[in-house]
Amino acid sequence: MIKQNIKPHLKRLNSKNIVIEERFLNEEDNSILYYSSDFKKNDTICKRPRIEKVYFHNGKEIYTQKDFNKKMKYTYFSSNKSKEIIECPSCGYQDEAKKFVFGCPYCDTDFSLEISKKKEKISNKVIKDTSIFGVILLLLSFLVRFEVITFEMFLSFLTAGLVIEGIILFVQFIPLLLEKDIWHDFKTIRMNINEKRVYSDLNTELSNYYYDDKNTKYKDLIDFDILKYQSATYDRDGNDTCIVLSYLIRKYYYIEKTNTIEISFGSSRVRLIRNVKQKHKSNSEFASKCKNCGSSIEFHALECEYCGSKNESTIGWKIKEILNDNK
């Protein structure tokens, strides 16, 4: 249960007497953190990987899902820690944690997830290994200088080292060749996109679509997980900026007749369009600080009036069209 627009989701779960309990790994001490849809067992979770999701019907466990992407890190705010002051990662609004349970009370953004930067980790390892190789060459050059080894021996060491280093670099970059990164596509098309906002808004929009009482096609759907983004392409619809997203999704259906959960996998595609949020009632007229010059930006402003930088905190995304979505 990703923290989508949670209200229609809770309505669907309550109507079927379903409770979903999510379990996350606290990597600092290997303890387990909990977040449940009935809010009876909630911890504050900050950028933790999800390891399990357990489905209960009338208090009895009926299904457990353990297959999750470890690169996805989740954030939830517990309603129990009402005195804790937190900041919305989208617009910068600060208030008590209990007011963020259903999303930011100022900009209405639901947020919970970010994808770890695997490319950065690999790059850091490459830099570290290359630095070690450089230090070894420096030491060998000193040995040649003081005639501890001959220059011919140094060339032999250098040749062998370069071959080994080449093999190491090739092996480390294989994952980059095999795994396509959705956010790299976003940066390539240079749309100045807030990555976290796109993901959270997509989940909110899908939640509204799937859990709408009028959508009888999905009347038994109780949950879904986006497992992996497969592609992202730039698109235009008239004067509107759009993104076409392709992703792999897993859906959970409650079968009342057998009291079981049925799983469905499939690839889906949607067209997202920029959506300028309306100003929300709040005790502040400003949404955030400009990332370029630091000036305060009004919530409804599309750009900073001082330097002209775009105010991404006001620009959300909504589904314009679902291109394909198999049940």
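You'll find the structure just up there.
Residues numbered from 1 in each chain as written. Predicted model: local features only at pLDDT ≥ 70, side-chain atom pairs only at ≥ 80, totals over all residues. Heavy atoms only, no water.

(A) Here's a closer look at the packing of aromatic side chains. Under the criterion given, the structure shown has nine aromatic pairs. A centroid spacing of 4.9 Å and a plane angle of 70 degrees characterise the contact between Y210 and Y218, whose relative ring orientation is edge-to-face. Of the two residues examined, Y210 and Y218, each falls in the buried class. Through a chain of ring-to-ring contacts, the aromatic side chains of Y209, Y210, Y211, Y218 and F224 assemble into a single cluster. Between K41 and the ring centre of Y34, over which it is positioned, the NZ or CZ distance is 4.0 Å. Taking the ring centre of F68 as reference, the NZ or CZ of R250 above it sits at 5.4 Å. (Phe/Tyr/Trp six-rings, centres within 6.5 Å; stacked < 30°, edge-to-face > 60°. Buried < 20%, exposed > 50% of the residue type's maximum accessible area, 1.4 Å probe, protein only. Lys NZ or Arg CZ within 6 Å of the ring centre and 35° of its normal.)

(B) Highlighting the environment of K70. You can see K70 is positioned in the loop between β4 (60-65) and β5 (72-76). A relative accessible area of 48% places K70 in the partly exposed class. Along the primary structure K70 and R50 are separated by 20 residues, whereas in three dimensions their C-alpha atoms are 7.2 Å apart. (Helix = DSSP H or I, 4+ residues; strand = E, 2+ residues; numbered from the N terminus.)

(C) Main features of a nonpolar patch on the surface. Together, L138, F142, L143, F146 and V148 give the surface a local cluster of nonpolar side chains, amounting to about 510 Å² of exposed area. Relative to the assigned elements, F142 resides in helix α2 (residues 118-145). According to the relative accessible area criterion, F142 is partly exposed, its value standing at 46%. (Patch = residues over 30% accessible without salt bridge, like charges linked within 9 Å, V, L, I, M, F, W, Y side chains within 5 Å. Areas by Shrake-Rupley, 256 points an atom, 1.4 Å probe, with all protein chains shown as cover. Salt bridge = Lys/Arg side-chain N within 4 Å of Asp/Glu carboxyl O.)

(D) Inspection of the pairing of strand β10 (residues 240-255) at higher detail. Most of β10 sits out of view: 13 of its 16 residues are buried. Pairing of strand β9 (residues 221-237) with β10, which is carried by 14 bridges, proceeds in the antiparallel orientation. Each residue of the ladder has a partner; that of I226, found in β10, is I249. (Pairing = 2+ DSSP bridges.)

(E) Broad picture of the nonpolar core. Membership of the largest hydrophobic core comes to 28 residues, with the highest contact counts inside it found for L202, L206, Y210, L245, Y247 and L272. Put simply, the parts of the chain that give this core at least two residues each are β2 (31-36), β5, α5 (195-210), β9, β10, β11 (260-276) and β14 (315-324). If sequence neighbours within four positions are ignored, L272 has contacts with V198, L202, T241, C242, I243, L245, W317, K318, I319 and K320. The next biggest cluster of nonpolar side chains, apart from the first, holds nine residues, and it includes I20, F68, I222 and I261. (Core = buried A, V, L, I, M, F, W, Y, C linked by side-chain atoms within 4.5 Å. Contact = heavy atoms within 4.5 Å.)

(F) Region of the structure containing the side chain of K251. Residue position: K251 is located in strand β10. Since its relative accessible area comes to 1%, K251 is described here as buried. Sequence-distant contacts of K251, that is, excluding residues within four places in its chain, are made with Y210, Y218, L221, D223, F224, E262, I263, S264, D325, N326 and K327.

(G) Highlighting the pattern of salt bridges. All told, the structure shown has 15 salt bridges when counted by the stated rule. A salt bridge links R23 to E52, with the nearest nitrogen and oxygen atoms 2.9 Å apart. With a gap of 29 residues between them, R23 in strand β1 (residues 18-26) and E52 in strand β3 (residues 45-57) connect regions that are remote in the sequence. Judged by its relative accessible area of 21%, R23 is partly exposed. By relative accessible area, which is 15% here, E52 ends up buried. With its nearest N and O atoms 2.8 Å apart, the salt bridge here joins K53 to D223. In this pair, K53 is assigned in strand β3 and D223 in strand β9, connecting sequence segments 170 residues apart.

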